[in-house]
Amino acid sequence: MKEFLEGSHAIAEIIKSCQPGVISAYPITPQTHIVEDLAQMVSSGELKSQFVNVESEHSAASVVLGGSATGVRVYTATSSQGLFLMQEVVFNIAGMRLPIVMTCANRAISAPINIWNDQQDSISLRDSGWFQIYAEDNQEAVDFHLIAYRLAEDKRVMLPVMVCMDGFILTHGMETVDMPEQDKVNKFLPAYKPLYKLDTADPISMGLLADPDYYMETRFAIQETMRESIGYLFDISKEFNNVFGRDYKDLLVEEYQVEDAEKVIVAMGSVCGTIKEVVDEQRAKGKKVGLLRIISYRPFPYARIYEALKDVPKVAVLDKSVSLGAYAPVAVEVKSAFFGKKKGPKVISSFVGGLGGRDITMETIHEVFRRLGAKEVNFDFVDLKPELLKEEYGE
Amino acid sequence: MENNPLFKSGHTACAGCGQAVAARLVIEAAGANTIIANSTGCLEVFSTKYPETAWGVPWIHSLFENSAAVASGVEAALIYLGKKDTTNVIAQGGDGSTGDIGLQAISGMLERGHDILYVCYDNEAYMNTGVQRSGLTPFDTNTTTSPVGALSSGNLRPKKPVPEIFAAHGIPYVATASAGFPQDLTRKVKKAISIKGPKYIQVHVPCPLGWRHESNQMLPVARMAVETGLYPLFEYEFGVITARKQIMPKPVEEYLKMQGRFKHLLNNPGEIKKVQDVADNNIKKYNLKLEAQG
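Residue indices follow the written sequence of each chain, beginning from 1 at its first position. In the order they appear in the text, chains get letters beginning with A and ligands get numbers beginning with 1. This being a predicted model, a pLDDT of at least 70 is required before a residue's local features are given, and a value of 80 or more before pairs of side-chain atoms are given or counted; all residues contribute to the totals for chains, interfaces and linings.

Participant: Sorry, what's going on with the overall build of chain B here?
Facilitator: Note on conventions: DSSP H or I runs of at least 4 residues are helices, E runs of at least 2 residues are strands, and numbering of each starts at the N terminus. Looking only at helices and strands, chain B features 11 helices and 10 strands. Atoms counted for the radius of gyration: C-alpha only. Globule rule: 2.2 Å times residue count to the power 0.38. The C-alpha atoms of chain B give a radius of gyration of 18 Å, which matches the 19 Å a tight globule of 294 residues would have. Principal-axis analysis of the C-alpha atoms gives chain B an extent of 60 × 45 × 35 Å. With C-beta atoms placed from the backbone, a residue counts as buried when 20 or more other C-beta atoms lie within 10 Å of its own, as exposed when 12 or fewer do, and as partly exposed for counts between those limits. For chain B, the proportion of its 294 residues judged to be buried stands at 55%. Contacts here follow a simple rule: the backbone-placed C-beta atoms of the two residues must lie within 7 Å. Residue pairs at least 24 apart in sequence account for 67% of intrachain contacts in chain B once pairs closer than 6 positions are excluded.

Participant: How do you make sense of the overall build of chain A when you look at a structure like this?
Facilitator: Scanning chain A from terminus to terminus reveals 12 helices and 16 strands. Relative to a compact globule of 395 residues, whose C-alpha radius of gyration would be 21 Å, chain A shows 21 Å and is just as compact. Projected onto the principal axes, the alpha-carbon positions of chain A cover approximately 65 × 55 × 45 Å. Sequence separation of at least 24 residues holds for 79% of the intrachain contacts in chain A that already meet a minimum separation of 6.

Participant: It is not clear to me how the domain arrangement of chain A should be interpreted in this structure. Could you clarify?
Facilitator: Residue and element names in this part refer to chain A. A domain assignment, automatic or from a database, supplies the domain bounds used here. For chain A, the assigned domains are domain 1 (2–244) and domain 2 (253–388). Taken over C-alpha atoms, the centre of domain 1 sits 27 Å from the centre of domain 2. Taken residue by residue, the interface counts 27 residues in domain 1 and 20 residues in domain 2. Those elements that provide at least two residues to the side of domain 1 that touches domain 2 are α5 (120–124), β6 (131–134), β7 (161–166) and α8 (215–244). Residue contributions to the side of domain 1 that touches domain 2 peak at 5 residues, all from α8. Class assignment for the residues of the side of domain 1 that touches domain 2 results in 14 nonpolar, 7 polar and 6 charged. The classification used treats Ala, Val, Leu, Ile, Met, Phe, Trp, Tyr, Cys and Pro as nonpolar, Asp, Glu, Lys and Arg as charged, and all other residues, Gly among them, as polar.

Participant: Would you mind showing me how to read the pairing of β6 of chain A here?
Facilitator: For a regular strand, side chains alternate in direction, first toward one face of the sheet and then toward the other. All names here are of chain A. Of the two faces of β6, the one carrying Phe131 and Ile133 and the one carrying Gln132 and Tyr134 are both buried. Strands are labelled as partners when DSSP assigns at least two bridges between them. Looking at chain direction, β6 and β7 are connected through 4 bridges and run parallel. Along β7, the bridge assignment pairs Phe131 with Val161. Throughout, right-handed denotes a crossover for which the path from the first strand over the helix to the second runs clockwise when the strands point away from the viewer. Handedness of the β-α-β unit built from β6, helix α6 (residues 138–152) and β7 comes out right-handed.

Participant: Sorry, what's going on with the interface of chain A and chain B here?
Facilitator: Buried accessible area, meaning the area lost when the parts come together, often serves as the stated size of an interface. At the interface, 38 residues of chain A touch 37 residues of chain B. For the side of chain A that touches chain B, the elements supplying multiple residues, two or more each, are β2 (22–25), β3 (50–53), α3 (57–69), α4 (80–95) and β9 (205–206) of chain A. In terms of residues, the side of chain A that touches chain B owes the most to one element, α3 of chain A, which gives 9 residues. By residue class, the composition of the side of chain A that touches chain B is 17 nonpolar, 17 polar and 4 charged. Where β9 of chain A and strand β2 (residues 59–61) of chain B come together, 2 bridges link them in parallel fashion. Within the sheet, the bridge partner assigned to Ser205 of chain A lies in β2 of chain B and is Trp59 of chain B.

Participant: I'm lost on the packing of helix α3 (residues 67–81) of chain B against helix α5 (residues 103–112) of chain B in this one. Help?
Facilitator: A packed helix pair is summarised by two numbers, namely the angle formed by the two axes and the spacing between the axes. All names here are of chain B. The geometry of α3 relative to α5 is characterised by a closest axis approach of 7 Å and an angle of 35° between their N-to-C directions. In this structure, α3 uses Ala68, Ala69, Ala71 and Ser72 to contact α5, whose residues at the interface are Ala105, Ile106, Gly108, Met109 and Arg112. Here the contact of α3 with α5 is composed, by residue class, of 6 nonpolar, 2 polar and 1 charged. Inter-axis angles, ranging from 0 to 180 degrees, are taken between N-to-C directions of lines fitted to C-alpha atoms, where helices are fitted over the stretch in contact.

Participant: I tried to follow α6 of chain A on my own but got confused; where do I start?
Facilitator: Turn by turn, an α-helix covers 3.6 residues, leaving residues three or four places apart pointing in a common direction. Taking 1.5 Å per residue, 15 residues should reach 21 Å; α6 of chain A reaches 21 Å between its end C-alpha atoms and fits that length. Counting buried positions along α6 of chain A yields 14 of 15 residues, so the element is predominantly enclosed. Residue count minus one, scaled by 1.5 Å, sets the expected span of a helix.

Participant: Whenever I open this one, the sheet that holds strand β15 (residues 347–352) of chain A confuses me. Can you help?
Facilitator: One key point about sheets: their strands pair by backbone hydrogen bonds, in either a parallel or an antiparallel sense. Residues and elements named next belong to chain A. The strand order β10-β12-β11-β14-β15-β16 describes an open sheet built from 6 strands, whose pairing is mixed. The open sheet is flanked by β10 (253–256) and β16 (380–381), the only strands paired with a single partner. Two elements, β10 and strand β12 (residues 289–294), share 4 bridges in a ladder whose sense is antiparallel. Directly across from Glu255, in β12, lies its bridge partner Leu292. Here helix α10 (residues 302–309) sits on the sheet in contact with β10, β11 (263–267), β12 and β14 (314–319), set at roughly 10° to β10.

Participant: Quick question: what am I supposed to make of the nonpolar core here?
Facilitator: Soluble globular proteins tend to pack their nonpolar side chains together in the buried interior. All names here are of chain A. Connectivity within a nonpolar core runs through C-beta atoms within 7 Å, and the core itself is a set of buried Ala, Val, Leu, Ile, Met, Phe, Trp, Tyr and Cys residues. Counting 205 residues, the largest nonpolar core has Val163, Val264, Val266 and Val317 as its most contacted members. When residues of this core are sorted by domain, at least three fall in each of domain 1 (2–244) and domain 2 (253–388). With near-sequence residues (within four places) excluded, Val163 lies in contact with Val101, Thr103, Ile133, Ala135, Ala141, Phe144, His145 and Ala148.

Participant: Before we go on, may I ask you to explain the sheet that holds strand β4 (residues 74–78) of chain A in this structure?
Facilitator: Residues and elements named next belong to chain A. Sheet architecture is open: 7 strands sit in the order β3-β2-β4-β5-β7-β6-β13, paired in mixed fashion. This sheet does not close on itself; its edge strands, each paired only once, are β3 and β13 (296–298). Neighbouring strand axes in the sheet, compared pairwise and without regard to direction, differ in orientation by 20° on average. Sheet analysis places β2 next to β4, joined by 2 bridges and oriented parallel. Looking at β4, one finds that Ile23 is bridged to Tyr75.

Participant: Help me out: how do you make sense of helix α1 (residues 7–18) of chain A in this one?
Facilitator: Residue and element names in this part refer to chain A. Here α1 is 12 residues long and its end C-alpha atoms lie 17 Å apart, about the 16 Å a rise of 1.5 Å per residue gives. Among the 12 residues that make up α1, 10 are buried, leaving the element largely enclosed by the rest of the structure. Listed in full, the buried residues belonging to α1 are Gly7, Ser8, Ala10, Ile11, Ala12, Glu13, Ile14, Ile15, Lys16 and Cys18. With its phi angle positive at about 55°, Gln19 sits one or two positions after the end of α1.

Participant: Sorry, what's going on with unusual backbone geometry here?
Facilitator: For residues other than glycine, phi is negative in most cases, and the peptide bonds are mostly trans. With an omega of 0°, the peptide bond between Ser110 of chain A and Ala111 of chain A qualifies as cis. Locating Ala111 of chain A in the fold gives a position in the loop between β5 (101–106) and α5. Here Tyr50 of chain B and Pro51 of chain B are connected by a cis peptide whose omega angle stands at 10°. Not every positive phi belongs to a glycine, and Ser80 of chain A is a case in point at roughly 45°.

Participant: Is there a simple way to think about the confidence of the model for chain B in this case?
Facilitator: Low-confidence regions, as indicated by low pLDDT, have predicted coordinates that should not be scrutinised in detail. When the pLDDT values of chain B are averaged, the result is 97; 98% of them are 70 or greater. Model confidence for the complex is summarised by a pTM of 0.97, with the ipTM given as 0.97. Think of pLDDT as the predictor's per-residue confidence, scored from 0 to 100.

Participant: I'm lost on the environment of Ala60 of chain A in this one. Help?
Facilitator: All names here are of chain A. Tracing the sequence through the fold places Ala60 in helix α3. By the C-beta count within 10 Å, which is 30 here, Ala60 ends up buried. Once the C-alpha coordinates of Ala60 and Tyr26 are considered, the two residues, 34 residues apart in sequence, prove to be 6.4 Å apart. In this view, Ala60 contacts Ser24, Ala25, Tyr26, Val54, Thr76 and Thr78; residues no more than four positions away in its chain are not counted.

The following block contains the structure:
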């Protein structure tokens, strides 16, 4: 049913439909509206769940870890510093192969403290063994949570999923969302049946010490699951389309006017809506431009990106995060998809924008297309304010 | 207990480890219908080295500082599943994971009122990493990070009063116990398990390596700590002391001379006096002294 909803409320509604038995969270802007709404649903009896109000994000992640290990579907949400405080537990959850779903309301990292959107938080946890899927709008954010549980709890997968949605832009944005009906949710996402759990009827030990004779295989196993999951994502997407009538193709990337394009921007998340507008404008003027939107950042779709961009002469990667002292994170991986290959763009330039909530406007995107020339650029920050870069503490 | 122990032999604890003895007493007292969340530390390492486990009950280890939060999630899930009334939940860890790095998570667990027993095995330093001082290391103890030197006679401060901190949460039950008094420990665990809500038991567990005593001296050392007043045994219910083990106090020197970690104090009457003051304060504060029968 189509409803006009705030992003956070839509997420709370879909989580309610997924019926997690344990929810735990600690408040951090811009995640708060999601968990406030869930708390209200539990308080009113709409949602039968244990809502555990904890004293930190470290404990929020630990509570859902314990709940999941006891065989129950669980949910948490966080952002920015909260995700960083969780980091230790985040890695732990993946290592323990627990199918936890978390929303990351993407936000910048301190210092300086900044509550606005970029993607530095989730990008920084890319090596943790969690799936990371990035929503462009609130319809996707809703749908991706359903897909996330389905993927995480797949017996062949048993890994956690982080659904990333841009803070404020999506979490606090009002949009029309086609909310999945409960009977369809039940059809697509059956009740969780754990493969293993803490149960006095059948005692097992979880979280054992693995010495050098055993540790490496645990990491190899996660890597293999991630690799194989590229196929599972396609199957799950197909089933999702059968039930809900929305087609996310392979769930890895979205190609928008890429086929005959001479210039393509690669990006993730809500900024892609803006890029599509610019692409439409430029296409109307006969310019061959396009967008390749990465949906799944983990696993990273190297082969799919290669196929999509191998004949595109010029590619610009627009990162909303940085790896200070190195090339920007998404740009590095896009470039690596072409290393040693026969085909590929002549130029893959890297742009960084939107940090700490600086608006990426249509003009910003036009500027990126303009700067995407014959000479490859790296470390190119868009929309910098030169007047703020003057030395104040020089000799 | 003898036929199907819940904490089995074959684990890799050192000979004379007080924690191994206490951990077995705790789980045997709690019984088979128990789920344990264990912090990182000696107990975790020596009982669950893959592919083996010593545990006959469901057991989970996640991290160093989060066993109270993991246990909170286990308990919440059990409530959701309708199994809480028939299942006990224990969170446990050493003094470092309890009094230092995990203090906040435990405080949260207590404040939220989870029906969980938290057990701290207090061997008074970070033994798993090589005897570094913790917040529960006693005054004047020689550890690898509070070494004795020209300017120091060991750990600078007395033990952090963790049982009092947790009792101040107004929870139904807080107790101290000792591996040297097994029946008393068993009784306290059974009592704690019978009470609904958050409970805390702190068990004094000698560590032959870290305390530097012979491995066959675990029991006498543990008992002497209690008998000198340096490790008072007491029970709090809802923030009020309701019981204590009374003693005919022995001089602290009797305890200090049993262990290498206090060897540097033995020819230093001034420092021994300071340790005696710690015991005397405990004796007064908890009313430990058994009056001679008239």
